[in-house]
Structure formats: C-alpha cells, structure tokens
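# Structural features, examined
The residues making up each chain are set out below.
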Amino acid sequence: MSKRLWGYQPRNERPEPSWELHPDTHAIRAGLARSGFGETSEALYLNSGFTYSSAEQAESSFADETDHYVYGRFANPTISMFEQRLAAIEGAEFCVGTGSGMSAMFASVACLVKAGDRIVASASMFSSCYVVLMEILPKWGVTTELVQGNDPEVWAKALSLPTKAVFLETPSNPMLEVVDIRMVSDLAHKVGATVIVDNVMASPVLQKPLEHGADVVMYSATKHIDGQGRVLAGAILGSESYIKEQLNPFIRHTGPSLSPFNAWVLVKSLETMSMRVKRMNNSAQLIAEFLESRPEIKSVRYPGLKSHPGYQTAQRQMDGGGSTIGIEFAGKQNDTFKFMNALRIIDISNNLGDSKSLITHPASSTHRRLSPEVQAEMGITGSVLRLSVGLEHPEDLLRDIEQAL
Ligand SMILES: *Cc1c(COP(=O)(O)O)cnc(C)c1O
C-alpha cells in the first residue's frame, strides 16, 4: 500500500472565489471538505470516534483549542458538510443537524427556557410541536400563550409581558396560515424574546426568515431537504452566539445527534433542493387554481392564491406559495375518503415535501392527537385534506385529481 492511503490531507486548498455566491451555487459547493484522495463527491465518514497523534493533541482537542473531531455526538466530517452547506444556503452563521425535525424543534426552544419562563407561539402548528409547547414544557414550569392569526394588536398584547421565546410556524401545517415574520419579530425583540421559525413548509428555497427579523430557523430535513422520502433529520440555524452559547451545551449533553449516513444523503439532496422545490411550487400553484374552480371544493388554502387571507404577507416574505395545499370539501368526511381512494397516482400518506405527491386526512391521522376543539381552532375538520404536490408531471396530477373528483 502506498503511503498516500494514510492520513488526512485536505485537497481543496485552492483560493475561494472572491465574489459572493448565489445560494444555488452554495447548494453544490459549500462545506465540501475533500480528503487526501481528492474525491469529487462528498465522502461518507461513517464513524463515531476519532484518534489523536499524541496525548497533547487529545488534550487540546477536548479543550476546543483545535478543530480536531472528538466524538460523533459533537461533530463528524460528513455532518459538518451538511451543516455548513445548509448554513450557506440559508445565510445563517451556524447550523446544527439533528436526528429529526422534532428533536430540532425541542432543542431550539428547550435550550432557552427554565421554570417560570413564558413562550408565545402562533396557534396553528404541527401537532407534535403543539404537544411539546402545551403538554411537555408546562410539566417543567414553562408556559406558552397561543396567538391566533396575524393581527398586530393581538400579537402586541401577547408580547407586552416578559417573554423568553416566540415560536412561529409559517405557513402552518396543514392549514397554511401565514404569519408576518417581520411584524412579530419586531414586537418580540422589544421584550427581548428570541424568535424561532419552523420553516418546514416553505423550505429554505421559498422563505428566509432570518432576512425578515427572526433569530433562529428550524427544519424537519425529512421534508423538502431530503425530499425523497428516505431519511429522518432536522436542523437548527442561527447566530454564532445562539448556537455556541445556548444550543450547543444543550445538544452535546442531551444527544439528539444526526447520523453521518443520513447527513450524507442530505448533503447530496441539498444539491437538487432548489430545482425540486421550484418545480413542486409551480405545480402546486396550478393545482390550487384548478381546485378553486371546482364546485366540489368549498375552499382552497394556498398562500399563492389571492383568496388566501395571508396572500399579501406571503408575497412579502415568500418566493412562492409552497408545495402544500389545504383543501376543504363541500361535503362530509365520507367524500374526502372517497376522493382519496379514487386517486390513481397521488399516494395516501402522512408525509409531505416528497418527490411523490401525497394526500393526507389530518383529522384522522397527523393531527388526531389534538382534541376536536384544538383541531377546530386550527381549521381542521373531517372535510379537510392536505395535498403535498410532488415532482410528477403537473398534467398527470391535474388529471388524477379531476378523475377522482
Ligand atoms: C414534519 C414536521 C415537523 C417534525 O419533523 P420530523 O422530521 O417528522 O420529526 C415539524 N414541523 C413541521 C411543520 C413538520 O411538517
């Protein structure tokens, strides 16, 4: 064996470009750390531990005095590539990958609060986020006030009391409520609250909450970032001080770490994310317009439609309505089930943001954990379906929907 097979000799030592790169270029290049072999594609470092060439190097690595990797719970080269790439796309100082979207959501909030603290959150949200805020954190003395809708006066009232964190999901899952990130962030910062946005539904392609005043962004990377239904993962993005001083001490010791294999899948997914999300977004706009014209449908919830109550806000903070449509049927729950069963391409599933178009009945699946009253507050009834538009040709999707109606 040649000596070159031993040891790490970074091979991307060419000077960096002198100009600011487009996020689509970051999606292909950012974070790339080639090994001594000079491989083209990102390497998968499927390992939990690391070695040191001396006791002194081990000591300085543990003291955080060097960039030497220490342990998979803290960092790993493949995970770092994913984190750096997503941070570059998002325009965030730092990113931390986690094992799921929910571990990202929990850590992003839990690292900030202690008993007696108060959180303010938008009322419409993913059901597990609701359970964390309304059932789990209260057991530890942290309470959450929910705010309905997008009215500045209502938000100002909720944010007139001392508040540690604001948690926003916009657009929300499944009813696509839109909240004005700038308006809420400005109010939140007056009381010193940290604004966390669950940006899963828009994805980093269609909405950049940090540009609109938010402090922290979290993702379920399971959705558009993987986008092909393979891995479970999450990510948290924010400033150096939030990540280093608040989040890292919490994450390192509670261990919601991302698997290097999943990080490797995601780093490759990021390369195509922008193309995928734009195509899904364009098809969703067509389908939402078609559904709005149909008598079987009572209302269509899609931020790219003028009929959406948050249309103006969405125009300001999003680059498209997204890939998910909320559909309220004119008839009963029975009709929604008949429609789902009559589809020939679109799958019945509880996921979203996938290359395959998926349809969900939230009241009986993803959101059944919530009481009927809470469901009603979020606009979820038996007649509501959530359609996640995938990458199939839009004409086939329209035809599938038309024949099922
Ligand atoms: C799916 C989802 C989550 C949770 O992510 P997991 O990867 O399933 O843990 C959180 N928020 C929103 C809006 C989601 O759609």
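In case you missed it, the structure is sitting above this.
So, here's what we can say about the structure. These numbers come from a predicted model, not from an experiment. Along each chain, residues carry numbers from 1 onward, in the same order as the chain's sequence is written. Predicted model: local features are reported for residues with pLDDT of at least 70 only, side-chain atom pairs are reported and counted for 80 or more only, and whole-chain, interface and lining totals are derived from all residues. Neither water nor hydrogens contribute to the side-chain values; these are computed over all heavy atoms in the structure.

## Topic: the state of the cysteines
Inclusion rule: The disulfide criterion is simple: two cysteine sulfur atoms within 2.5 Å.
Counted according to the given criterion, the structure contains zero disulfides. Free cysteine Cys111: the closest other cysteine sulfur is in Cys95, separated by 14 Å.

## Remarks on unusual backbone geometry
Counted only if it meets this: Secondary structure follows DSSP: runs of H or I at least 4 residues long count as helices, runs of E at least 2 residues long count as strands, and numbering of each begins at the N terminus.
The omega torsion across Thr170 and Pro171 is -10°, close enough to zero to call that bond cis. Inspection of the secondary structure assignment puts Pro171 in the loop between β4 (165-169) and α7 (181-190). The amide bond that connects Asn173 to the next residue, Pro174, takes the cis arrangement and shows omega of 5°. You can see Pro174 is positioned in the loop between β4 and α7. In this model, Leu176 sits at a positive phi of 55°, which is unusual for a non-glycine residue. Topologically, Leu176 is positioned in the loop between β4 and α7.

## Structural notes on the side chain of Asp226
For the record, the criterion: As used in this structure description, the phrase polar contact means that two N or O atoms lie within 3.5 Å; if the pair is within protein, one of them must be able to donate a hydrogen and the other to accept it, and residues adjacent in sequence are counted only when both atoms belong to side chains. Here, residues are in contact when the closest pair of their heavy atoms is within 4.5 Å.
Within the secondary structure, Asp226 sits in the loop between β6 (216-220) and β7 (234-238). Within the local environment of Asp226, its side chain forms a polar contact with the backbone nitrogen of Gly229, the two atoms lying 3.4 Å apart. Looking at Asp226, its side chain comes within polar contact range of the main-chain nitrogen of Arg230, at 2.7 Å. Ignoring sequence-local partners within four residues, the contact set of Asp226 consists of Ala221, Val231, Val265, Leu266, Ser269 and Arg276.

## Things to note about the sheet that holds β6
The strands making up a sheet are joined through hydrogen bonds of the backbone, oriented either antiparallel or parallel. Which entries qualify depends on this criterion: A pair of strands is considered paired only if DSSP assigns at least 2 bridges between the two. Fitted lines through C-alpha atoms serve as axes, helices being fitted only where they are in contact, and the angles separating the N-to-C directions of these axes extend from 0 to 180 degrees.
Judged by pairing direction, the sheet is mixed, and its seven strands sit side by side in the order β1-β7-β6-β5-β4-β2-β3 without closing on themselves. Two strands in the sheet have a free side with no partner beyond their single neighbour: β1 (94-98) and β3 (143-147). Looking at each pair of strands side by side, their axes are set apart by 20° on average, direction ignored. Pairing between strand β2 (residues 118-122) and β4: three bridges, direction parallel.

## Here we look at the pairing of β7
Under the convention used in this document: Here the term buried applies to any residue with accessible area under 20% of the maximum for its type, exposed to any over 50%, and partly exposed to those in between, with areas from a 1.4 Å probe on protein chains only.
Across the five residues of β7, five count as buried, placing the element largely inside the fold. On β7, burial covers both faces: Gly234, Ile236 and Gly238 on one face and Ala235 and Leu237 on the other are all buried. In terms of strand pairing, β1 meets β7 through five bridges, oriented antiparallel. If you follow Gly97 over to β7, its bridge partner there is Ala235.

## Here's the deal with the site of the ligand
The cut-off we apply is this: Whether a residue is near a molecule or strand is decided by its heavy atoms; if any one of them lies within 4 Å of it, the residue is near. The Shrake-Rupley method, run with a 1.4 Å probe sphere, supplies the accessible areas, and residue values consider only the shown protein chains as cover. Classes in brief: Ala, Val, Leu, Ile, Met, Phe, Trp, Tyr, Cys and Pro nonpolar; Asp, Glu, Lys and Arg charged; the others, Gly included, polar.
With respect to spatial proximity, the complete set of residues near the ligand consists of Ser100, Gly101, Met102, Phe126, Glu169, Asn173, Asp198, Val200, Ser220, Thr222, Lys223 and Ala233. Take Gly101: an N or O atom from its main chain is 2.9 Å from an oxygen atom of the ligand. Contact with the protein chains removes 92% of the 380 Å² of surface that the ligand exposes when unbound. Classifying every residue of the shell around the ligand by side-chain character gives four nonpolar, five polar and three charged.

## Regarding the environment of Glu377
Examined against the element boundaries, Glu377 turns out to sit in helix α13 (residues 372-377). When the C-alpha atoms of Glu377 and Gln148 are compared, they prove to be 8.4 Å apart, with 229 residues separating the residues in sequence.

## Topic: the packing of aromatic side chains
Aromatic ring pairs are defined here through the distance separating the ring centres and the angle between the ring planes. Rules: Each pair of aromatic rings taken from Phe, Tyr and Trp, with Trp reduced to its six-membered ring, is defined by centres within 6.5 Å and is described as stacked if the planes are under 30 degrees apart, edge-to-face if over 60, and tilted in the remaining cases. Distance and angle both matter: a charge sits over a ring if NZ of Lys or CZ of Arg is within 6 Å of the ring centre and within 35 degrees of the ring normal.
Here the structure, examined in full by the defined rule, presents six aromatic pairs. Judged by centre distance (6.1 Å) and plane angle (85°), the ring pair of Tyr71 and Phe74 falls under edge-to-face. Chaining the aromatic ring pairs together yields one cluster made of Phe106, Trp140 and Phe250. The ring of Phe126 has Lys223 lying over it, and the distance from NZ or CZ to the ring centre is 5.1 Å.

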